[in-house]
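Structural overview for review
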Amino acid sequence: MQLSEPINQVEQKKSTTNRNITLLIIVAALGYFVDIYDLILFSVIRIKSLNGLGITNPDELSSIGSFLINCQMIGMLTGGILWGILGDKKGRLWVLFGSIITYSLANIANGFVTTVDQYAALRFIAGVGLAGELGAGVTLITETMSKENRGYGTMLIAGIGLFGAVVAAQVGGHYSWQTSYIIGGVMGLVLLLMRVGVIESGMFHKIKDVEVARGDFFMLFTSWSRFSRFLSSILIAVPVWFVIGVVVTFANDFGKAMGATETLSPGNGIMYAYIGIALGDLLCGSLSQVFKTRKKMVFIFLTATLLSVLYFLLSKSFNARFFHIMCFIMGLSTGYWVVFVTMGAEQFGTNIRATVATTIPNFVRGSLVPVLLFFNFLKPNFGIINSGLIVGATTIALAYIALYNLEETYGKELDYVEK
């Protein structure tokens, strides 16, 4: 009888911990769902929203659209650093919910803009908000779950979250652009109601009162070992955004050069690609757990990315159905996003883990800017197809080198600090 109480207490504590972890995964996954919804929504309703503001000239649509995308990307780069530092100084939960409320309010406000300047300002603010959710969620999961099972938690975050792109494509296609933005904002605010019961990382609590630098972004540049890990963690995922930001986004231009028999819709391509990425994340995450390796799974999926991009860019005279199938296959191949983010978080100590986990995915997104500059620089001399092949081969080659330089992190003990 004396043993029954301790046993019951242990079982109760275990049950409570499991419930907390489950709630944490749900909140982080749905947060990323809303995050991706907003990130993709602008691509879906860009023309519709600018037309609604009275802009119809094709040249203006292109230039203003690029300006607004850049505002959002600059916001994400800024937010990536800001939220990362705050995550290590204030806590992972503080960032998780701070980022959600920031982009939710920006989205709602976006539904009421009447000028391009207002639109640009809110895209920047939304970008800042969008930058924090994934990194904070992944950091919480990796520090809360066991080292053997944390890969399943991050897999569910990305696998569920990326379906936000599918919902964005559907909502943006069936509702007005104002309503589409408001829906995204309301979803985020509803998510905040679920925050009760979500726990802070125990590892973060342990170092709160320890005399160690926390959230020092410049620590990443004061040691070759840290800088090499940081840079390599970014480079392994640049091909993901090459596929989305170049191959799929400019599908209509590629289609003309490749003799496509139908006009290719980038919006539909993005939807099918993100369905593939979501399923790829679930597959890659599961396989990395089953075979107990992150690096080998990323290598396999990176190779699949290379082969699928080559096959698509060398194709001729195809229809829209073939394009949609290839977008799905390329998306599936680049579905190592969740493992890439998990590897990034697992490469660094607790005192700068949130900083790294938050900045890495946003720097990858920001890498689209130099990738597009390189692509546009090559086009006049090499043509759109050869330029795509050169840029794709370059980004994938750099990703292979970066992957080789990173350590295997499956099952790695994370309860340590960087000094």
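For the structure itself, look to the data block above.
In short, a report on the structure. Residue numbers run consecutively from 1 along every chain, following the written order of its sequence. Side-chain atom pairs in this predicted model are given and counted only at pLDDT of 80 or more, local residue features only at pLDDT of at least 70, and totals for whole chains, interfaces and linings cover all residues. No hydrogens and no water enter the side-chain calculation; it runs on all heavy atoms of the structure.

A word on the overall build of the protein
Inclusion rule: Helix numbers and strand numbers start at the N terminus; a helix is a DSSP run of H or I with at least 4 residues, a strand a run of E with at least 2. Radius of gyration here is computed from C-alpha atoms only, and the compact-globule reference equals 2.2 Å multiplied by the residue count raised to the power 0.38. Exposure is judged per residue with a 1.4 Å probe applied to protein chains only, and the accessible area is read against the type maximum: over 50% gives exposed, under 20% gives buried, and values in between give partly exposed. Here, two residues are considered to be in contact whenever any of their heavy atoms come within 4.5 Å of each other. A positive count includes Lys and Arg, and a negative count includes Asp and Glu. His and the chain ends are not counted in either. Just so you know, the charge point we use is NZ for Lys, CZ for Arg, CG for Asp and CD for Glu.
Within the protein, the regular secondary structure consists of 18 helices and 0 strands. Here the protein has a C-alpha radius of gyration of 21 Å; the compact-globule value for 419 residues is 22 Å, and the two agree. By principal-axis analysis of the C-alpha atoms, the protein measures approximately 80 × 45 × 45 Å. Here the protein holds 419 residues, and the buried ones make up 55% of them. In the protein, of all internal contacts separated by at least 6 residues, the share reaching a separation of at least 24 is 84%. Each charge class in the protein was averaged separately, 29 positive and 24 negative side chains, and the resulting centres sit 3 Å apart.

Observations concerning the packing of aromatic side chains
For the record, the criterion: Between the rings of Phe, Tyr and Trp (Trp by its six-membered ring), a pair exists once the centres lie within 6.5 Å; its type follows the angle of the planes, with under 30 degrees stacked, over 60 edge-to-face, and the other angles tilted. Charge-over-ring placement is defined geometrically: NZ (Lys) or CZ (Arg) within 6 Å of the ring centre, and within 35 degrees of the ring normal.
Per the stated rule, a full pass over the model turns up 21 aromatic pairs. For the pair phenylalanine 217 and phenylalanine 230, a centre-to-centre distance of 6.4 Å together with 85° between the ring planes defines the contact as edge-to-face. Highlighted residues: phenylalanine 217 in the loop between α9 (202-207) and α10 (224-235) and phenylalanine 230 in helix α10, separated in sequence by 13 residues. Assigned by exposure class, phenylalanine 217 and phenylalanine 230 land together as buried. Plain terms: the ring middles of phenylalanine 299 and tyrosine 400 are 5.5 Å apart, the flat faces sit at 55° to each other, and that makes the pair tilted. With phenylalanine 299 in helix α14 (residues 295-313) and tyrosine 400 in helix α18 (residues 368-405), this residue pair connects regions lying 101 residues apart in the sequence. Joined through ring pairs, the aromatic side chains of Phe217, Phe218, Phe221, Trp224, Phe227, Phe230 and Phe363 make up one cluster. Across from the ring centre of phenylalanine 348, 4.8 Å away, lies the NZ or CZ of arginine 229, which sits over that ring. Its end group placed over the ring of tyrosine 416, arginine 353 keeps NZ or CZ at 6.0 Å from the ring centre.

Observations regarding the nonpolar core
For clarity, the cut-off: Think of a nonpolar core as a cluster: buried Ala, Val, Leu, Ile, Met, Phe, Trp, Tyr and Cys residues, connected wherever their side-chain atoms sit within 4.5 Å.
Counting residues in hydrophobic clusters, the biggest one holds 120 residues, and the most contacted among them are Trp241, Tyr274, Phe312, Trp337 and Phe340. Every residue in contact with tyrosine 274, bar those within four places of it in the chain, is listed here: Ile36, Ile40, Leu162, Ala165, Trp241 and Ile244.

Comments concerning the packing of α14 against helix α15 (residues 320-333)
For any two helices packed against each other, the geometry comes down to the angle between their axes and how far apart the axes lie. Here is the rule we go by: Axes here refer to lines fitted to C-alpha atoms; in helices the fit is confined to the stretch in contact. Angles between the N-to-C directions go from 0 to 180 degrees. For this classification, under 35 degrees means roughly parallel, over 145 means roughly antiparallel, 65 to 115 means roughly perpendicular, and everything else is oblique. The crossing is said to be left-handed when, going from far helix to near helix, the turn is anticlockwise and less than a right angle, and right-handed when the turn is clockwise. Residues are sorted three ways: Asp, Glu, Lys and Arg are charged, Ala, Val, Leu, Ile, Met, Phe, Trp, Tyr, Cys and Pro are nonpolar, and all the rest, Gly among them, are polar.
Closest axis-to-axis distance for the α14/α15 pair is 8 Å, and the angle between their directions is 160°. When the interaxial angle is binned, α14 and α15 end up roughly antiparallel. Every pair of crossing elements has a handedness; the one defined by α14 and α15 is left-handed. Here α14 contributes Phe301, Ala304, Thr305, Ser308, Val309, Tyr311 and Phe312 to the contact with α15, which in turn contributes Phe322, Phe323, Met326, Ile329, Met330, Leu332 and Ser333. Partitioning the contact of α14 with α15 into residue classes produces 11 nonpolar, 3 polar and no charged.

Some remarks on the environment of alanine 29
With respect to the helices and strands, the residue alanine 29 is situated in helix α1 (residues 4-52). With 108 residues separating them along the chain, alanine 29 and glycine 137 place their C-alpha atoms 7.9 Å apart. Excluding residues that lie within four positions of it along the chain, alanine 29 makes contacts with Leu156, Ile157, Ile160 and Gly161.

Some points on the pattern of salt bridges
For clarity, the threshold we go by: Note on definitions: salt bridges are taken to be side-chain nitrogens of Lys or Arg within 4 Å of carboxyl oxygens of Asp or Glu.
Applying the stated criterion across every chain, the model contains 9 salt bridges. Where arginine 123 meets aspartate 38, a salt bridge forms, and the shortest distance between an N and an O atom there is 3.4 Å. Of this pair, arginine 123 sits in helix α4 (residues 116-130) while aspartate 38 sits in helix α1, and the two are 85 residues apart along the sequence. Of the charged contacts in the structure, one is a salt bridge between aspartate 88 and arginine 92, with a shortest N-O distance of 2.9 Å. Across the pair, exposure class does not vary: aspartate 88 and arginine 92 are buried alike. Through salt bridges with shared partners, one network takes in Asp88, Arg92, Glu143 and Arg353.

Re a nonpolar patch on the surface
Applied cut-off: Residues enter patches when their relative accessible area tops 30% and they take part in no salt bridge; the joining distance is 9 Å for like charges and 5 Å for the nonpolar side chains Val, Leu, Ile, Met, Phe, Trp and Tyr. Note on areas: these come from Shrake-Rupley sampling with a 1.4 Å probe, and a residue is covered only by the protein chains present in the view.
Together, Ile26, Leu30, Leu156 and Ile160 make up a nonpolar patch on the protein surface, roughly 270 Å² of accessible area in all. Breaking the nonpolar patch down by element, the ones donating at least two residues are α1 and α6 (150-161). Judged by its relative accessible area of 32%, leucine 30 is partly exposed.

Digging into the packing of α6 against helix α16 (residues 337-346)
The geometry of α6 relative to α16 is characterised by a closest axis approach of 9 Å and an angle of 130° between their N-to-C directions. Judged by the inter-axis angle, α6 sits oblique to α16. For the pair α6 and α16, the sense of crossing is right-handed. Packed against α6, whose contacting residues are Arg150, Thr154, Met155 and Ala158, the element α16 presents Val338, Thr342 and Glu346 at the interface. Residue composition of the contact of α6 with α16, grouped by class: 3 nonpolar, 2 polar and 2 charged.

Points about helix α17 (residues 353-366)
For clarity, the threshold we go by: The length a helix should cover is 1.5 Å for every residue beyond the first.
For α17, built from 14 residues, the straight-helix expectation of 20 Å at 1.5 Å per residue is met to within 8% by its first-to-last C-alpha distance of 20 Å. The buried fraction of α17 is high, at 13 of 14 residues.

Observations regarding the state of the cysteines
The criterion, for reference: Here, a disulfide means two cysteine sulfur atoms that sit within 2.5 Å of each other.
Overall, the coordinates contain 0 disulfides when judged by the stated rule. You can see cysteine 284 has no disulfide; the closest cysteine sulfur is in cysteine 327, sitting 20 Å from it.

Some words on unusual backbone geometry
A positive phi angle, close to 55°, is found at lysine 292, a residue other than glycine. Structurally, lysine 292 is set in the loop between α13 (266-290) and α14. Assessed through its relative accessible area of 52%, lysine 292 is described here as exposed. The phi torsion at serine 317 lies on the positive side, around 45°, for a residue other than glycine. Within the fold, serine 317 resides in the loop between α14 and α15. Take serine 317: its relative accessible area is 54%, and that puts it in the exposed class.

Interpretation in functional terms is not warranted from these geometric data alone.
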